Amino acid sequence: MKTTPSSSPSSDCLFCRIVSGDIPANRIYEDELCIGFPDINPQAPIHMLIIPKRHIASAANAVADDNGLLGSLMAAASAIARNEKLSKGYRIVVNTGDDGGQTVNHLHLHLLGGRRMTWPPG
Ligand code: AMP
Ligand code: ZN
């Protein structure tokens, strides 16, 4: 079976440490595969991060076996957006790699809402 590269949990990984409870976060969402919590440096009135409990370094490391997990992340973002009453819309961002502006190497979705977004992004 094909396995995801860089899929080992790491005590060096900030988001793995949040999943384990080693670093505190306000879990506004949790299911068997993922958790959601507020970004520590919000870029919009609502700014949540949705992460898989299993370590995947980035979207660039995802493979077909991760399809269920990737779908769950999107469904979690959608559920959080409904819960946060973002009926006027929102943005989901997945920064990937250096050029993508990724700073934490554990796959995460940013859910941004509560203000009008601009395009193109910086
Ligand atoms: P990225 O730049 O796309 O890799 O996003 C990483 C995000 O993690 C940034 O928006 C940070 O503000 C956020 N962040 C870093 N440390 C924490 C933390 N301890 N709790 C919540 N969010 C964090
Ligand atoms: Zn991790």
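Quick summary incoming for the structure in this document.

Analysis parameters
- Sequence positions are assigned chain by chain, starting from 1 and proceeding in written order.
- Chain labels run from A onward and ligand labels from 1 onward, assigned in the order the entries are written.
- Restriction of local features to residues with pLDDT of at least 70 applies here, the model being predicted, together with a cutoff of 80 or more for giving and counting side-chain atom pairs; totals for whole chains, interfaces and linings are based on all residues.
- Processing note: side-chain calculations cover all non-hydrogen atoms of the structure and skip hydrogens and water entirely.
- Helix numbering and strand numbering both begin at the N terminus, where a helix is a DSSP run of H or I of at least 4 residues and a strand a DSSP run of E of at least 2.
- A helix's residues, less one, multiplied by 1.5 Å, set its expected span.
- Contacts between residues were defined by any pair of non-hydrogen atoms, one from each residue, lying within 4.5 Å.
- Metal-coordinating donors are taken as N, O and S atoms lying within 2.8 Å of the metal, or within 3.2 Å when the metal is Na, K or Ca; because water is left out, some sites can appear incomplete.
- Tetrahedral means four donors with every angle between 85 and 135 degrees, whereas square planar (four donors) and octahedral (six donors) require angles over 155 degrees between opposite donors and between 65 and 115 for all others; sites fitting neither are termed irregular.
- Residue burial is assigned from relative accessible area. The probe radius is 1.4 Å, only protein chains are included, and a residue is buried under 20% of its type maximum, exposed over 50%, and partly exposed in between.

Looking at helix 2 (residues 67–83)
Given 3.6 residues per helical turn, the α-helix brings residues three or four places apart onto the same face.
1) Next: Its 17 residues place the ends of helix 2 24 Å apart at the C-alpha level, agreeing with the 24 Å of an ideal helix rising 1.5 Å per residue.
2) Next: Packing partners of the buried residues in helix 2 comprise strand 1 (29–30), strand 2 (34–38), strand 3 (46–52), strand 4 (90–93) and strand 5 (109–113).
3) Next: Phi turns positive one or two residues past the end of helix 2, at Lys85, with a value near 60°.

Considering the coordination of the zinc ion (ligand 2)
1) Next: The zinc ion (ligand 2) binds to the protein through Cys13 (SG), Cys16 (SG), His55 (ND1) and His106 (ND1); the donor distances cover 2.0 to 2.3 Å.
2) Next: Angles of 105 to 115° at the metal separate the four donor atoms of the zinc ion (ligand 2), which places the site in the tetrahedral class.
3) Next: Along the chain, the residues donating to the zinc ion (ligand 2) fall in the pattern C-x2-C-x38-H-x50-H. Of this pair, Cys13 sits in the segment before helix 1 (14–20) while His55 is found in the loop between strand 3 and helix 2, placing the two residues 42 residues apart along the sequence.
4) Next: A relative accessible area of 7% means that Cys13 is categorised as buried.
5) Next: In this structure His55 comes out as buried when scored by relative accessible area, which is 7%.

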